[in-house]
Amino acid sequence: MERVDVAIVGAGAAGLSLAHRLERVLSGRSVVVVETPDAGLRPPERTWCFWEAPEGEWDAVVSHRWHALSVVGPDGTTWRSPTDPLVYKMVRSRDFEALVRDGLRRVRTLCGTVTGIADGPEEAVLRLRGSDGADTELAAGLVFDSRPPRGFPAGAVTLRQHFRGWFVRTDRPRFDLSAAVLMDLRVPQPDRGVAFGYVLPFDSRTALVEYTEFTRDVLDDAGYEEALRDYTGRLLELGVFTIIGVEQGVIPMTSARLPTRAGRRVYRIGTAGGATRPATGYTFAGAQRQTRQIAAALAEGRTPGRCPAHRRRHLLMDTVLLRGLDDGVIDGAEFFATLFRDNPLPRLLRFLDGTTGPLEELAIGAHTPVPTMLTALWAQIRPGQHGRSGDTQS
Ligand SMILES: Cc1cc2nc3c(=O)[nH]c(=O)nc-3n(C[C@H](O)[C@H](O)[C@H](O)COP(=O)(O)OP(=O)(O)OC[C@H]3O[C@@H](n4cnc5c(N)ncnc54)[C@H](O)[C@@H]3O)c2cc1C
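Labelled according to an unreviewed UniProt entry, the chain appears under the name NAD(P)-binding protein, originating from Thermobifida halotolerans.

This is how it looks when you write it as structure tokens:
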């Protein structure tokens, strides 16, 4: 059986971020990225947006930047704010993958579908299925597994952030390039949860326009088409346009704890390791924080510890929000509109990245519907609370 020092399972956002970092810090140690040949398991191309300082480590593949964001309330009121000192950036997954893969010299890529991982005191053993169907084993001193989670415990509140976006080209200039629209809450709202439009303008005639929901159940094709037709036609008044691409996805938003450390030799990273911020679905920045901590520990010869992408108190706050949305006690559209109306945007962005202090968080909390949040908190923590029936989701 082949033995390596480090095996990274999956070559998505988290797996490749870790490979990229280990390439730089681990010389003389063997690192492999195991990627499945099964097209059904590989994620389709996507775009990742995140905010950070003007200069960042992925700038070579940042395809667009916005220095202001706007939020449109249910009644059409628009709050527009500069993001300064942060910048909202977009990376296309294909550019990111090409950059990382081109830079890998010492880190090897191995083709195989991981069908099982047996943890042990000294090493973990991966079972791999090749494209020919043959099974092999690989032993690794440490395993970082980014395979998507299969489901969440019944006691957790789990919503889905599900969306479809059209890359559109309009027949005449329609988009305001100076700001991306983070949430347009004018769209019809579901009974529980929240729905909104999202617009990333690339030039005055080209944009990614998405319809998104934070709800339990995804829509069917017709549902997304109808929502996007309504949003682009009635609300954005785009007139004549061509759809030049489509992006669709489901991101789990869960109160389930997804620790990075999953065993003696096994860690989970990315969405599987809790990198997704439960209240927003943003994952890319969390995966960077997590893989940075792992790489730093390994570079110093330490065994990585918890390497959390998010702080516990932030996860608790997010849980309360998810509970309130899921129980229908929080009016999602009003909640988000108030949050953006009453708080400076850069502070909110830092809060979502986990870099605010308790006083700033109190200030943010004071601008939420406090009695409603307390009701949701009580619903979450009261004894015997295990969520609504049928909670197990995948
Ligand atoms: C369409 C879309 C858009 C998104 N946009 C944003 C955004 O703008 N900003 C943001 O922060 N987040 C965004 N997200 C959420 C999140 O950033 C992405 O889902 C991100 O790709 C998660 O990274 P990951 O490494 O955890 O998982 P993935 O990128 O899905 O990687 C998992 C990897 O595991 C591999 N794999 C799966 N099973 C096996 C197996 N059995 N054996 C071996 N390998 C296996 C897959 O092939 C894949 O390479 C988006 C999600 C989607 C779906």
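More follows now that the structure is in view.
Draft legend 1. The environment of Gly120, seen in detail. By secondary structure assignment, the location of Gly120 is in the loop between strand S9 (113-118) and strand S10 (124-129). Note: C-alpha distance between Gly120 and Ala140 (20 residues apart in sequence) is 10.0 Å. Those residues in contact with Gly120, other than ones at most four positions away along the chain, are Arg264 and Arg265.

Draft legend 2. Looking closely at the sheet that holds strand S6 (residues 78-82). Spatially, S6-S5-S13-S14-S15-S12-S16 is the arrangement adopted by the 7 strands of the open sheet, whose pairing is mixed. The open sheet has two edge strands with one neighbour each: S6 and strand S16 (241-254). Sheet twist, expressed as the average angle between the axes of neighbouring strands with direction ignored, equals 15°. One ladder, built from 13 bridges, connects strand S12 (residues 158-170) with S16; its direction is antiparallel. From the neighbouring strand, Leu159 faces S16, where its bridge partner is Met253. Along the sheet face, helix H7 (residues 345-352) touches strand S5 (68-72) and S6 and points at about 75° away from the line of S6.

Draft legend 3. Representation of the pattern of salt bridges in the model. As enumerated under the stated definition, the model contains 25 salt bridges in all. Glu45 is paired through a salt bridge with Arg94; the nearest N and O atoms lie 2.8 Å apart. Placement of the pair is Glu45 in the loop between strand S2 (31-35) and strand S3 (47-52) and Arg94 in helix H2 (residues 93-103), with a sequence separation of 49 residues. A relative accessible area of 53% places Glu45 in the exposed class. Among the ionic pairs, Asp318 bridges to Arg277, the shortest N-O distance being 2.6 Å. Placement of Asp318 in helix H5 (residues 312-327) and of Arg277 in the loop between strand S17 (266-268) and helix H4 (284-299) is noted, with a sequence separation of 41 residues between them. Residues joined by salt bridges that share partners form a network here, namely Glu52, Asp59, Arg65 and Lys89.

Scoring rules and cut-offs
- Residues numbered from 1 in each chain as written.
- Predicted model: local features only at pLDDT ≥ 70, side-chain atom pairs only at ≥ 80, totals over all residues.
- Heavy atoms only, no water.
- Helix = DSSP H or I, 4+ residues; strand = E, 2+ residues; numbered from the N terminus.
- Contact = heavy atoms within 4.5 Å.
- Pairing = 2+ DSSP bridges.
- Axes fitted to C-alpha atoms, helices over the stretch in contact; angles between N-to-C directions.
- Salt bridge = Lys/Arg side-chain N within 4 Å of Asp/Glu carboxyl O.
- Buried < 20%, exposed > 50% of the residue type's maximum accessible area, 1.4 Å probe, protein only.

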